[in-house]
Amino acid sequence: MLAYLSLAAILFSIGMFGVITRRNVIGIMMSLELMFNAVNINFVAFNKFIVTDSLLGQIFSAFIIVVAAAEAVVGLAIVLLLYRNWQGINSDQVNVMKW
Amino acid sequence: MTSPQVGIVFWIIAFVMLISAFMVVSLKNIFHSALFLILCLFSVAGIYVLLQAEFLAAAQVLIYVGAVAVLMLFAIMLTNNLASKKIRQANRNVLVGFFVSVIFCFITLVLLVKTYVSVWGKLKPQAVLPAQNVLVFGKYLMTKFMLPFEVVSVLLLAALIGAIVLARKERS
Amino acid sequence: MNFQLPEIHISLMLPELFLFIWALLIITFDVVTKRKNEHTVGYLALLGLLIDGAILSVTGYGSGFGNMFFNDPMALFFKVIFLGSAFMAIASSFGLMHQKIVNHRGEFYALILFSTVGMMFLSSSDELLSLYIGLELTTIPLFVLAAFFKDDRLSVEAGMKYFVIGAFSSALMLYGISFLYGLSGTTDLVQMKINLAITHLTFKDIGVILSLAVLLILGGIGFKLALPPFHQWTPDVYEGAPTPVAAFLSVGSKAAGLVAFAKIFINGLYAFYGAEMAPNDWGRLVGVGAILAMIIGNVVAIRQTNIKRMLGYSSIAQVGYIMIGMVSMNEFGLTSVGFYMFTYMFANMGAFAVVAFFEDKSGSCQISSYRGLSKTSPFLATSLTMFLLSLAGIPPLAGFVAKYAVFAAAINMATSGVAYHWIFWLVGIGLLTSVFALFYYVNPVKQMFFSKEDSPYKISLSAPAFTVVLIGLIGIVLFGLYPDPILQFASQISASFGFLPH
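Residues numbered from 1 in each chain as written. Chains lettered and ligands numbered in written order. Predicted model: local features only at pLDDT ≥ 70, side-chain atom pairs only at ≥ 80, totals over all residues.

Overview of the overall build of chain C
Across its full length, chain C holds 20 helices and two strands. Scaling as 2.2 N^0.38, a compact globule of 502 residues should have a C-alpha radius of gyration of about 23 Å, and chain C matches this with 22 Å. Its C-alpha atoms put chain C at 70 × 55 × 40 Å along the principal axes. Taking all 502 residues of chain C together, the buried fraction comes to 63%. Sequence-distant contacts, at least 24 apart, represent 79% of the contacts inside chain C between residues at least 6 apart. (Helix = DSSP H or I, 4+ residues; strand = E, 2+ residues; numbered from the N terminus. Rg over C-alpha atoms; globule rule 2.2 N^0.38 Å. Buried ≥ 20, exposed ≤ 12 C-beta atoms within 10 Å, placed from the backbone. Contact = placed C-beta atoms within 7 Å.)

Side note on the overall build of chain B
When helices and strands are tallied, chain B shows six helices and zero strands. Ordering the α and β elements of chain B from the N terminus gives α-α-α-α-α-α. Looking at chain B as a whole, 33% of its 172 residues qualify as buried. For chain B, the share of sequence-separated contacts (at least 6 apart) that also reach a separation of at least 24 residues comes to 52%.

A short note on the interface of chain C and chain A
The interface is formed by 31 residues belonging to chain C together with 32 residues belonging to chain A. Elements with a contribution of two residues or more to the side of chain C that touches chain A: α6 (128-146), α7 (153-184) and α10 (233-240) of chain C. By residue number, the principal contributor to the side of chain C that touches chain A is α7(C), which donates 16 residues. Partitioning the side of chain C that touches chain A into residue classes produces 18 nonpolar, seven polar and six charged. (Nonpolar A, V, L, I, M, F, W, Y, C, P; charged D, E, K, R; others polar.)

With respect to the interface of chain A and chain B
Listed as interface residues are 58 residues of chain A and, on the opposing side, 72 residues of chain B. No other element matches helix α3 (residues 56-86) of chain A, which puts 20 residues into the side of chain A that touches chain B. Looking at the side of chain A that touches chain B, its residues break down into 41 nonpolar, eleven polar and six charged.

A few points about unusual backbone geometry
All names here are of chain C. Going from P228 to P229, the amide bond is cis rather than trans, its omega being 5°. Considering the arrangement of structural elements, one finds P229 in the loop between α9 (209-225) and α10. Here the amide bond leading from P395 into P396 is cis, since omega sits at 5°, within 30 degrees of zero. In this structure, P396 sits in the loop between α16 (378-392) and α17 (398-414).

Topic: the nonpolar core
Ranked by internal contacts, the top residues of the largest apolar core, which has 294 residues, are A:L11, A:V74, A:I78 and C:L113. At 21 residues, the largest contribution of residues to this core is made by α3(A). (Core = buried A, V, L, I, M, F, W, Y, C linked by C-beta atoms within 7 Å.)

Regarding the packing of helix α12 (residues 282-302) of chain C against helix α18 (residues 422-449) of chain C
All names here are of chain C. Where α12 contacts α18, the axes come no closer than 9 Å and their chain directions differ by 15°. In this view, α12 runs roughly parallel relative to α18, as classed from their interaxial angle. Along this stretch, α12 crosses α18, giving a crossing that reads as left-handed. Where α12 abuts α18, its residues R284, G287, A290, I291, M294, I295, N298, V299, A301 and I302 lie against W422, L426, I429, G430, T433, F436, A437, F439 and Y440. Of the residues assigned to the contact of α12 with α18, the class counts are 14 nonpolar, four polar and one charged. (Axes fitted to C-alpha atoms, helices over the stretch in contact; angles between N-to-C directions. Parallel < 35°, antiparallel > 145°, perpendicular 65-115°, else oblique. Left-handed = near helix turned anticlockwise from the far one by under 90°.)

Remarks on α16(C)
The α-helix winds at 3.6 residues per turn, so residues separated by three or four positions along the chain end up facing the same way. Residues and elements named next belong to chain C. Compared with an ideal rise of 1.5 Å per residue, which puts 15 residues at 21 Å, α16 spans 21 Å between its outermost C-alpha atoms and is within 8% of the ideal. The element α16 is largely enclosed, with a buried count of eleven among its 15 residues. Along α16, the positions that sit buried rather than exposed are L380, A381, S383, L384, M386, F387, L388, L389, S390, L391 and A392. Buried residues in α16 make contact with α13 (307-327), α14 (333-362), α15 (373-376), α17, α18 and α19 (463-481). (Expected span 1.5 Å × (residues − 1).)

Regarding the environment of C:G480
Residue and element names in this part refer to chain C. With respect to the element layout, G480 can be found in helix α19. Taking the C-beta count within 10 Å as the criterion, G480 has 22 such neighbours and is therefore assigned buried. Sequence separation between G480 and S170 is 310 residues; the distance between their C-alpha atoms is 37 Å.

Details of the packing of helix α5 (residues 105-124) of chain C against helix α11 (residues 243-268) of chain C
All names here are of chain C. Axis separation between α5 and α11 bottoms out at 9 Å; the angle between their running directions is 20°. With respect to α11, the element α5 is oriented roughly parallel. In the packing of α5 onto α11, the handedness of the crossing is left-handed. Across the interface between the two elements, I112, T116, M119, L122 and S123 of α5 pack against F248, G252, A256, V259 and A260 of α11. Here the contact of α5 with α11 is composed, by residue class, of seven nonpolar, three polar and no charged.

Quick notes on the confidence of the model for chain C
Mean pLDDT for chain C: 87, with 97% of residues reaching 70 or above. The ipTM value of the predicted complex is 0.93, and its pTM value is 0.93. (pLDDT = per-residue confidence, 0-100.)

Comments concerning the environment of C:V319
All names here are of chain C. By the element assignment, V319 lies in helix α13. Sequence spacing of V319 and I295 is 24 residues, and the spatial spacing of their C-alpha atoms is 11 Å. Discounting residues that sit within four places of it in the chain, V319 has contacts with L225, A226, L227, K254 and A293.

Some remarks on the environment of C:I411
Tracing the sequence through the fold places C:I411 in helix α17. The sequence separation of C:I411 and C:G325 amounts to 86 residues, and the corresponding C-alpha distance is 9.9 Å.

Given below as structure tokens:
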């Protein structure tokens, strides 16, 4: 079980690295998907080894999958808008206002 | 891990997953990273199978690989005319990001081991998951988790409307 | 595992159902009438919110869907705030509809209503899964709304930033929730409170992992609240997003975050508050966030020249004051939080509404362009002054009573034991920064009233615009002079969390 949790932790950190370092917005979104997947592994692993009296963890991950898909759709629509307005989708290019 | 075979399969999948995940965040060509994302998502589905979450594995392949990743590929091809060129994909934060994520990873791993020793390792689960998982899963979805199930459909509708509004070209 | 269809009690969720169906009706109406009736659509949305308020007033307490849906005083109180802020946001967006959003008016209103439905579900959930779904239903329409000016680079950029940070923080929060699930074996918050306490007692050492989980969840909710260090998006998104949307973000979304915070921390993690929980004590973590919020918000706001950015930083600071009430875990704490949010709704929505009307006319959000407004539009200038003074906490306006309530709750908590003396720091910094806050709140007032030249803009208010300003004014004056009924109502929130008056 520790192996699964550690795997999830490493995957989560890789996703985090991607979100922080990517310039391309689509790259950021892909890294976000990695993070959501790491969370799902965590839930399913807990469900398998610790909380076996229900399928709550699996159901939670199913909902996360659905919500992440919805989020990806909206995100990609925003990416299209960015592209139309800037002819490019790199996040430091899109920075008129200072952070 | 119940048997050595499962153990071997786990390590293979884990290896593939982490390598491809690292490729996703580090490759220069964004198109290639999207392909590695698909590989990574597939291996997550493999992990689900090992963890007795067959329905989730199927949903993972259908939704993530079939829809989300393909959507990403489409978006890359629609927006990025630089797909084949080598351009800088990382911003100035590489070092910061590297340290933040390595430190986060390290802390999380240490805490996981600590908590495993003190809490999770001592817990003995009362039952094992039923073999007919999908059946139970569906029953849960239709009884106890009916409300979130309905609300998520509202959420999908809202996301759909929003995406259409944003992506539509205006005739003006 | 038992699979019985839970008792549904659908009458409890009538307000949500009604609002959802009304949102669909609005889109349909807008499409069927070929998007010609711009005012009718807006009035329909306002009418829906009014009817919904009426339905809400007859909705009772209780739980349905097998504890997935739970109406308690807190849920009802905050639902009033959500509906109120949606009402004021929609009413102040009429000018915008006329000028900039031509093709998607129905969708604009419907998305605001969808987001409101999400907030209402969130405030009625007593369970992490439905809480998460509610949070996402709140946020996803807001991503779209922030980017609603599709040709405006600033707006699209705001949408992108809000999206990236929103998704990132929800991933952080989910990771934290997964640890809570692993430690307690449930996502039901009441059950979690019990299970976590049992785990803590059985194993003596629950591990510092809980504080990691708390930090991660704080990341997710802190993003909604704009609580430092998760606040960087706030000024950018407020500046770029359409002004009514920024107003809705600053009040509705913030109130939703507060509800989620109260549910997770005060309910689920109840046992882990206090000095004896040393590494896992969430009170101090939140206290640090509140101190940062008050300092960053108030200090950086001073040098802003754009009034929307200024209000953005001011809203960060306001969260700091609200969090002081939140960490005061006694019967006054949640009462003061509820009251603060209620008055903040009037003052902030009012201020944003005036900014929106001024922007419709002049196209500018610079503070300097407000010069001499009192000579051409005295009513608007006076009301903006009142709103800003209420935000600054000047008596006899409602903001003063709210600040007083928060500080009173905190002092009450701090004097209750040596372990809570750190709350004095919060109070001290809160009082000090309130003085700072006067500088920047008074700046636009100075521009409007003490300028020799006349403003080139003469702003005449339409009927809905006038209504918004009037509601805001009545709110801050009435509840400043006579806060008792709201305080009474808000004190039921504390009671429903088990903080009974002595």
